[in-house]
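Okay, here's what each chain looks like letter by letter:
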Amino acid sequence: MPKKSVRPPSEGSHCRAVPLDRVTICDKFWAPRLAQVGVEILPYQWEALNDRVPGAPRSHAFENLRIAAGQATGEFYGYVFQDSDIAKWLEAVGYSLSHRRNAELEALADRVIDVVAKAQQPDGYLDSYFTVKEPDKRWTNIRDRHEMYCAGHMVEAGVAYFEATGKRALLDVVCRLVDHIDSQFGPQPGKKRAYPGHEELELALVKLYRVTGEIRYLRLSEYFINERGAEPHYYDLEARERQEVREKPYDKTYNQSHLPVREQTAVVGHAVRAMYLYSGMADIAYETNDITLHEACRRLWENLTRRQMYLTGGIGSAEQGEAFTFDFDLPNDTAYTETCAAIGLVFWAHRMLQLDVDREYADAMERALYNGVLSGISLNGRAYFYVNPLEVWPAACEKRQDHAHVLPVRQPWFGCACCPPNVARLFASLGRYVYSESDDAIYVHLYVGSEGRFSVGGQSVVLAQTTDYPWAGVVDVKLTLEKDTEFSVALRLPGWCTAPQLSVNGKPVAVDSVSRKGYATITRCWRAGDTIRLELPMPVERIHARPEVREDAGRVALQRGPIVYCLEEVDNGPNLPAIALPRDARLSVDGQMRALGDVPVVSFAGCRRRAVTPTAPLYSAEEPAREDVVVRAIPYYAWGNRKPGEMLVWIGEV
């Protein structure tokens, strides 16, 4: 198997993601969460995957693989994509082992991998659903049956586990699996001209190519990207072969196959599928220097972030299809905003950063990470939100069908459990999102207490970040290197900060003079012990939506640094929409909420429409009386960790 990558040299503002084993997280905010992944989250999720968590929906995911491997008897249970939960769990284990060894967890993962290997068929095929339940239906419904999706997640697991441990067992399994897929699909005579129904394999193939150097894997990913949406449409041909009868034509926007990818201009369809597709497109654009793919990604990015993204970084507003709808349709109380979709946005933003170092990508990555993703898991790591709305009224969730998908409390597990292991793998791989490098520059995208090891300017450089971010905006950077070397250090100037200050070795540097695409780029001959200080003032800001976002007209949201805040009933009483924020009210950081991990609390002197008597008319010409109240807001990601109740992000302004 070839070992040397054949990727063309990068050009322009391309940079390289820094491997996970070259970044050490020692951050007050994130380090405890990374430790929690290995110590609490992954063991808990393993229990859930084996149906040993009381009150949790049945998973059967590992048992399905044991049946496929001939180690157990019984019937397949669960969704057709149940294997993907095990794959994401294994991937998260790999990342966790990269920064903290855990012999017990590694031994467990090795046993799981042994079962996966035994479940693989002689021709390389691997999918417990079809092996157990429909062995004669393999590759007959690419559109709906998730075989390539499950394969993609298993490929990612194989790569992550190999990079963390050096063990090849799972990597060899997925190479055989991909070799099998490559024998079945492609433009050559006798192959199916198909492409994944649920995108994921595209980006996974690029990861496999990078770790093995096998060019066929890159070419297969490129083929899937290029073939998508081409005429004659494969899904139509496949449906005719199955003699499928449908009342309505299949909506090809659902899986982004309505047009060839280079012709797409707006994000449509299932939000998670879209993010995985766009991530794969960005990967192929990077590896092949494909300008047309990069331009398509850019158009889609602008449509998403300027018209279809929530303040929290949540995406996909509709419950039906877990999908995007249309520009500026961003309801708060019925928002779907699946946790996996926010995670997918982090993936895509990170890839766009490697193509073009621009603050807007890192800003979106940070927004999703600290808000739309973190909200998906409880502080103790044992309960999860699938859906992340920006307004919750528990009575409506219980009584109204259009709110039935919104749950006011996190759940121990889900029948469709894609989100919990997805959160685990993102947290465990956080180190790869903090930095990038090029031959002559180091880029700092996220402010996380950490140490990064780089090869830049012809030698090894260690960069150490010290910060209390996201609660304080002072970031200190110290460089360690063997000899004086000229290169650039580029630090992101977050879009939320209006007055950043910068100094090198205690001497002020004019930010405007070194700013490029939202990064302060300092180029000089660096010496061992040189220090950079970036100061990012963090006042509490009132955030306004564009007027086209009808749901937020006359409302404001509160944000401090990268953290979006919300009101909770436990702090402010019921009927949160009755609370208003006066335009002249002072917003202050008022102590810390110990029950939520000592998070800063934002408070203001607000007003509330006073409750009327039970006999009062339903409607009246008289304006309701108001009373003065002190209102407390907490970080959005931390809501729902105390007692059930209402929650509100967008507050009426008077």
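Just above, that's the structure.
Residues numbered from 1 in each chain as written. Predicted model: local features only at pLDDT ≥ 70, side-chain atom pairs only at ≥ 80, totals over all residues. Heavy atoms only, no water.

## A short note on the packing of helix H3 (residues 83-99) against helix H16 (residues 419-428)
Reasoning step 1: At their nearest, the axes of H3 and H16 sit 8 Å apart, and the two run at 20° to each other. Taken as axis vectors, H3 and H16 run roughly parallel relative to one another. By crossing handedness, the relation of H3 to H16 is classed as left-handed. Along the contact surface, H3 presents Asp 85, Lys 88, Trp 89, Glu 91, Ala 92, Tyr 95, Ser 96 and His 99, while H16 presents Pro 421, Asn 422, Ala 424, Arg 425 and Ala 428.
Reasoning step 2: In terms of residue class, the contact of H3 with H16 is made up of six nonpolar, three polar and four charged. (Axes fitted to C-alpha atoms, helices over the stretch in contact; angles between N-to-C directions. Helix = DSSP H or I, 4+ residues; strand = E, 2+ residues; numbered from the N terminus. Parallel < 35°, antiparallel > 145°, perpendicular 65-115°, else oblique. Left-handed = near helix turned anticlockwise from the far one by under 90°. Contact = heavy atoms within 4.5 Å. Nonpolar A, V, L, I, M, F, W, Y, C, P; charged D, E, K, R; others polar.)

## Quick look at the sheet that holds strand S13 (residues 519-526)
Reasoning step 1: With respect to topology, six strands assemble into an open sheet ordered S1-S4-S5-S9-S13-S12, the strand pairing being mixed. In the strand order of this sheet, the two ends are held by strand S1 (16-17) and strand S12 (515-516), each with one partner.
Reasoning step 2: Judged from the four bridges that link them, strand S5 (residues 441-444) and strand S9 (residues 485-492) form a sheet pairing that is parallel. When the sheet's bridge partners are listed, Val 444 is paired in S9 with Leu 491.
Reasoning step 3: Relative to the sheet, helix H14 (residues 359-373) contacts S9 and S13, its axis offset from that of S9 by approximately 55°. (Pairing = 2+ DSSP bridges.)

## Topic: empty space enclosed by the protein
Reasoning step 1: Within the structure shown, the criterion is met by one cavity of 30 Å³ or more.
Reasoning step 2: When its volume is computed, the largest cavity comes out at roughly 30 Å³.
Reasoning step 3: If one sorts the elements of the lining of the largest cavity by residue count, helix H6 (residues 147-165) sits on top with three residues.
Reasoning step 4: Classifying every residue of the lining of the largest cavity by side-chain character gives five nonpolar, no polar and one charged. (1 Å grid on protein atoms, 1.4 Å probe; cavity = no way out; pocket = protein on both sides within 12 Å on 5 of 7 lines; lining within 4 Å. Points joined across faces, edges and corners; volume = space filled by probe spheres on them.)

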